[in-house]
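Observations on chain architecture
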Amino acid sequence: MTSQPTLTEAEDGPEEPGEPGSGLQAGLKNRHLSMIAIGGVIGAGLFVGSSSGIATAGPGILLSYALVGTLVVLVMRMLGEMSAANPTSGSFSAHADRALGPWAGFSIGWLYWFFWVVVLAVEATAGAKILEGWIPAVPQWGWALIVMVVLTATNLASVGSYGEFEFWFAGIKVVAIAAFIVVGGLAVFGLLPGVDSAQAGLANLTEHGGFLPHGAGAILTGVLLVVFSFMGSEIPTLAAGESEDPQRAVTKATNSIIWRIAVFYLGSIFVVVALLPWDSQSIIDKGSYVAALDSLGIANAGQIMNFIVLTSVLSCLNSGLYTASRMAFSLGQRGDAPGAFARTTARGVPRTAILVSVVFGFVAVFFNYEFPDSVFLFLVNSSGAVALFVWLVICFSQLRMRKIIQAEAPEKLVVRMWLFPYLTWAAAAVIVFVLGYMLTDTEHNGRTTVLLSLLVAALVLVVAVVRQKVTARKALACED
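Figured I'd write up the structure that's included with this text.

Cut-offs applied
- Residues numbered from 1 in each chain as written.
- Predicted model: local features only at pLDDT ≥ 70, side-chain atom pairs only at ≥ 80, totals over all residues.
- Heavy atoms only, no water.
- Helix = DSSP H or I, 4+ residues; strand = E, 2+ residues; numbered from the N terminus.
- Rg over C-alpha atoms; globule rule 2.2 N^0.38 Å.
- Buried < 20%, exposed > 50% of the residue type's maximum accessible area, 1.4 Å probe, protein only.
- Contact = heavy atoms within 4.5 Å.
- Areas by Shrake-Rupley, 256 points an atom, 1.4 Å probe, with all protein chains shown as cover.
- Lys, Arg positive; Asp, Glu negative; His and termini not counted.
- Charge placed at Lys NZ, Arg CZ, Asp CG, Glu CD.
- Axes fitted to C-alpha atoms, helices over the stretch in contact; angles between N-to-C directions.
- Parallel < 35°, antiparallel > 145°, perpendicular 65-115°, else oblique.
- Left-handed = near helix turned anticlockwise from the far one by under 90°.
- Nonpolar A, V, L, I, M, F, W, Y, C, P; charged D, E, K, R; others polar.
- Core = buried A, V, L, I, M, F, W, Y, C linked by side-chain atoms within 4.5 Å.
- Expected span 1.5 Å × (residues − 1).
- Bend = angle between axes of the 7 residues up to and from the residue.
- Phe/Tyr/Trp six-rings, centres within 6.5 Å; stacked < 30°, edge-to-face > 60°.
- Lys NZ or Arg CZ within 6 Å of the ring centre and 35° of its normal.

1. Focus on the overall build of the protein
- In terms of helices and strands, the protein carries 18 helices and zero strands.
- Taken over the C-alpha trace, the protein has a radius of gyration of 22 Å; the compact-globule value for 480 residues is 23 Å, and the two agree within 12%.
- Here the C-alpha coordinates of the protein stretch approximately 80 × 55 × 45 Å along the principal axes.
- Going through the 480 residues of the protein one by one, you find that 58% of them count as buried.
- Looking at the protein alone, contacts between residues at least 24 apart form 80% of all its contacts between residues at least 6 apart.
- Accessible surface computed for the protein: about 19,000 Å², of which carbon and sulfur atoms make up 67%.
- The averaged location of the 30 negative side-chain charges in the protein is 6 Å from the averaged location of its 25 positive side-chain charges.

See the structure below:
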C-alpha cells in the first residue's frame with residue numbers, strides 16, 4: 001500500500017494540443033456526452049435478453065429491474081462524486097488506485113479491459129448474424145470482420161469521430177425505444193385506434209398466475225438475468241475526461257441516471273408485459289420486443305427490431321472499443337501497462353491502446369467461431385461477473401475517497417452520495433449478496449460465472465500484488 005493519495009487535476013488533458021504524445025484531447029462536445037450518457041444504459045441485452053427474465057419472473061421482472069436499477073443509481077452516484085472531483089479517462093480504476101492502492105487500480109482496470117474485449121467479440125458476432133440474414137452472400141465471419149474494421153477506423157480517426165458515430169447510434173436507440181413506449185402505452189390504455197391490441201391491458205400484470213407466478217424468489221433469479229444488461233452506465237465518466245467541460249458532463253450524467261433507467265428500462269418492460277401475457281409463447285420464440293410489436297399488428301416487426309438491435313450492437317461495439325482503449329491508456333499512464341499504451345497521436349488518439357484492444361477482440365471473435373463451447377465459453381463466463389466486481393470496488397473507493405476530498409479539496413464535492421456512508425455500505429452489501437446468490441444458481445449458469453470470474457480476478461490480483469512488491473523493492477534499492 002502507498003501513502004494516502006492526494007487529489008490532482010485530471011492528468012489526461014493535452015499539454016500542447018496537436019503535439020504527438022501530449023495526451024488525450026477535449027474532442028467530445030456536450031451533445032456527444034449527453035447522448036452517450038442516455039444511450040449508455042440501453043444495451044442490446046435489453047432487447048435480446050429480457051425475454052428470459054420475463055419467462056422466469058413473469059410481470060415481477062419489473063421488480064428485478066427496479067432493484068438492479070436502484071443499485072446502479074447508487075453506484076453511479078458514488079462514481080459521479082469521485083469523477084466530478086477528478087475527471088479522468090481511468091474513472092473508477094484511477095479512483096481505486098488513489099483510494100485503495102495501486103493493486104486495486106491495476107486489478108479492476110485490467111478486469112474491466114478484459115470484459116470489454118470479450119464484449120467486442122460477442123457484439124460483433126451478434127451484429128454479423130443480423131447482417132448475414134439480410135445479405136447472405138457475405139459470410140458471418142466476413143460481416144464480423146467488416147464491422148470491427150469500420151469501427152476501429154472510426155476510433156482511430158479522432159475522439160470526435162467516435163462521439164459523432166455514438167451520437168447517431170445512441171440517437172436511433174433512444175428514438176426507437178421512446179416510440180415503442182409511447183405507441184405501446186397508448187395501446188395498453190386503449191387509446192391507439194386502428195391497431196389490433198385485443199390482448200393488451202393492465203390485467204396482464206395480475207392474470208395468468210398473478211404478478212409473481214413463480215413466487216417472490218423469482219425476483220432474485222430475475223436480478224441475476226438482468227443485472228449485466230446495465231453494464232455501460234459508467235462510460236460517461238470515462239469519456240468526460242475528453243469533453244469540453246468534464247465536471248459539468250459528469251454531474252449531468254450522474255443526475256440524469258434515475259430518469260434514464262426509469263424510462264428506458266422500467267418503462268419499456270412495463271409496456272411489454274402489459275401488451276402480452278407474460279407466458280405467451282411468442283415472447284420466447286420471437287423475443288419480447290418483437291412479440292410486443294407483432295401483437296399490435298405492426299408489419300415487419302421482426303425486421304424493425306433487427307435494425308434496432310443492430311444499431312444497439314454497433315453502438316456497444318463502438319463504445320466497447322473506446323472504453324477498452326481508454327482504460328488501457330489510463331493503465332499505461334499509471335505504469336500498470338506498457339508505456340506505449342499512454343502515447344497519443346497528434347489528434348489525441350491512443351493508437352496503440354486501440355489497436356491492442358481490437359486485436360484481442362479479433363482473437364476472441366476467432367475463438368467464438370472455432371471453439372464456441374470451450375475457449376470462448378470460458379472467456380464469456382470468466383468475464384461475466386466483472387460488472388459486479390467493478391461496482392463493489394466503486395463502493396469501497398468512495399468510502400475512502402470522500403474523506404480524501406473533504407480533507408484536501410472540499411470545494412470539489414459538487415456531487416455528493418446520499419446518506420453517506422450508510423447507502424454506500426448498503427449497496428456494497430447488496431452486491432455481495434447478489435454474488436453469493438449467484439453461487440446457488442445452477443440453472444442459469446450463475447455459479448460457473450462467479451467461480452470463473454473469481455478465478456480470473458484472483459490471478460490478476462496476484463499479479464498486482466507481486467508487481468507492487470517488486471516495484472517497492474526496486475524503489476528501496478534505488479534509495480540505497
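Now that the structure has been shown, the text picks up again.
2. Description of the packing of helix α7 (residues 159–188) against helix α10 (residues 246–275)
- One can describe the packing of α7 onto α10 by two numbers: an axis separation of 9 Å at closest approach and a directional angle of 40 degrees. On the basis of the axis angle, α7 is oblique to α10. The hand of the α7/α10 crossing is left-handed. Here V174, I177, F180, I181, G184, G185, A187 and V188 of α7 come into contact with α10, specifically with V263, F264, G267, S268, V271, V272, A274 and L275.
- Along the lines of polarity and charge, the residues of the contact of α7 with α10 split into 12 nonpolar, four polar and no charged.

3. Examining the nonpolar core
- Formed by 153 residues in total, the largest nonpolar core has its most connected members in F92, Y112, W116, V390, W391 and I431.
- Excluding anything up to four places from it in sequence, V390 contacts F92, I108, Y112 and M231.

4. Notes on helix α16 (residues 386–408)
- With 23 residues, α16 extends 31 Å between its outermost C-alpha atoms, agreeing within 8% with the 33 Å of an ideal straight helix rising 1.5 Å per residue.
- Of all the bends found along α16, the most pronounced is centred on Q398 and spans about 30 degrees.
- Most of α16 is tucked away, with 17 of its 23 residues classed as buried.

5. Let's talk about unusual backbone geometry
- A cis amide bond links F420 to the next residue, P421, at an omega of 0 degrees.
- Checked against the element boundaries, P421 lands in the loop between α16 and α17 (422–438).
- With phi around 60 degrees, H208 is a residue other than glycine that occupies positive phi space.
- The topology assignment puts H208 in the loop between α7 and α8 (217–226).
- For L419, which is not glycine, the phi dihedral falls at a positive 45 degrees.
- Within the secondary structure, L419 is located in the loop between α16 and α17.
- According to the relative accessible area criterion, L419 is exposed, its value standing at 61%.

6. Some remarks on the packing of aromatic side chains
- For the coordinates displayed, the defined rule picks out 19 aromatic pairs.
- A centroid spacing of 5.1 Å and a plane angle of 75 degrees characterise the contact between W113 and F360, whose relative ring orientation is edge-to-face. One end of the pair, W113, is in helix α5 (residues 102–134); the other, F360, is in helix α14 (residues 351–370), with 247 residues separating them in the sequence.
- Assessed through its relative accessible area of 7%, W113 is described here as buried.
- Ring geometry for F433 versus Y437: centroids 6.2 Å apart, planes at 25 degrees, classification stacked. Separated by four residues within a single helix, F433 and Y437 lie in helix α17, roughly one turn from each other.
- According to the relative accessible area criterion, Y437 is partly exposed, its value standing at 24%.
- A cation sits over an aromatic face here: R31 above F167, 4.7 Å from the ring centre.
- Geometry around F420 places R402 over its ring, the cationic atom sitting 4.4 Å from the centre.

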